[in-house]
Amino acid sequence: MRCSGLKAGFCAALLLMLVGCQSVSQPAENAPFRLETTRQAQGADQRIRFLVIHYTAEDFHNALNTLTDEHVSAHYLIPAKPPLEQGKPVAWQLVPEEMRAWHAGASGWRGRTNLNDTSVGIELENQGYSVHLLGKKFYPFPPAQIDLLADLSKEIVARYQIEPRNVIGHSDVAPQRKDDPGPLFPWQQLAERGVGAWPDAARVQANLAGRSPQQPVSQASLLTLLNQYGYTVTEGMTPEQQRRVIAAFQMHFRQSDYRGNADAQTEAIVQALLQQFPDRES
């Protein structure tokens, strides 16, 4: 189809309509059958339930190479300093959302496993951390990168009606082996922009009920609450594995202290989240 002059806008709109029609699941014109689609089943839901956020732990060029080879992949990659095209920041889409990307690996959340099958994965260019004498040093995320992430994530969340509890980090779904996106990732800022969950401060204080934030609580009871929220907790976990689950939660929701201690503030936070975001999973 050729378009020129004043007809260009009309032709562009027509092409978009044709592309939209082609996206409907229909056999090719020369197929030896046809599909009747006037009656659609009610017993169906979205395949995509989760949004998983990562950091690359390498620079953009190397991350792009890594994420486009045959071993790992993600749906989106966002540079630390997104370039502008016609005044708009650019993110890289590496895998169509309707296809499975290999970003989560061995993972679990709210009783589901192998989250590659049911999630969209977003990678953020970020150095991750470096190891020093006093421990790990994590690196912050530039505001322009987070702005682009928030705008992109809002569309994904709306498109698939992803629950706030299901916007998670790699460390949430794989706490025994992953730290990303780390304790400097601005989860609260993202939640304030309509993406993900964050505890209400007044609820947390009410749940503390006058206790010191550092007051020890039953680790078994805390792990039960974390499991109710979504974290994978299994019988036979070692004390170190249990601490890593608690630390993953704290890295997300109590970033000032993520040592993995079972304390009253951590308990109050997860209780607040369970009150704010009751389980809707079937």
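Use the structure listed above.
## With respect to the overall build of the protein chain
What the protein chain contains, in helices and strands, is nine helices and 11 strands. Every one of the 282 residues in the protein chain was classed for burial, and the buried ones make up 43%. Intrachain contacts of the protein chain at a sequence separation of at least 6 include 68% that bridge at least 24 residues. As presented, the protein chain carries roughly 16,000 Å² of accessible surface, and 53% of it is formed by carbon and sulfur atoms.

## Focus on helix 2 (residues 60-67)
Taken together, the buried positions of helix 2 are Phe60, Ala63 and Leu67. Buried residues of helix 2, viewed axially, fall in a sector of 60°; they line one side. Buried residues along helix 2 sit in contact with strand 2 (76-78), strand 5 (92-93) and strand 8 (119-124).

## A short note on the pairing of strand 1 (residues 50-55)
With six of six residues buried, strand 1 lies mostly within the body of the structure. Side chains of strand 1 alternate between two faces, with Phe50, Val52 and His54 and Leu51, Ile53 and Tyr55 buried alike. Where strand 1 lies against strand 8, six bridges are found, and the strand directions are parallel. Within strand 8, the position partnered with Phe50 by the bridge is Ser119. When strand 1 meets strand 11 (residues 167-169), the two strands line up parallel, connected through three bridges.

Calculation criteria
Residues numbered from 1 in each chain as written. Predicted model: local features only at pLDDT ≥ 70, side-chain atom pairs only at ≥ 80, totals over all residues. Heavy atoms only, no water. Helix = DSSP H or I, 4+ residues; strand = E, 2+ residues; numbered from the N terminus. Buried < 20%, exposed > 50% of the residue type's maximum accessible area, 1.4 Å probe, protein only. Contact = heavy atoms within 4.5 Å. Areas by Shrake-Rupley, 256 points an atom, 1.4 Å probe, with all protein chains shown as cover. Arc of directions from axis to C-beta. Pairing = 2+ DSSP bridges.

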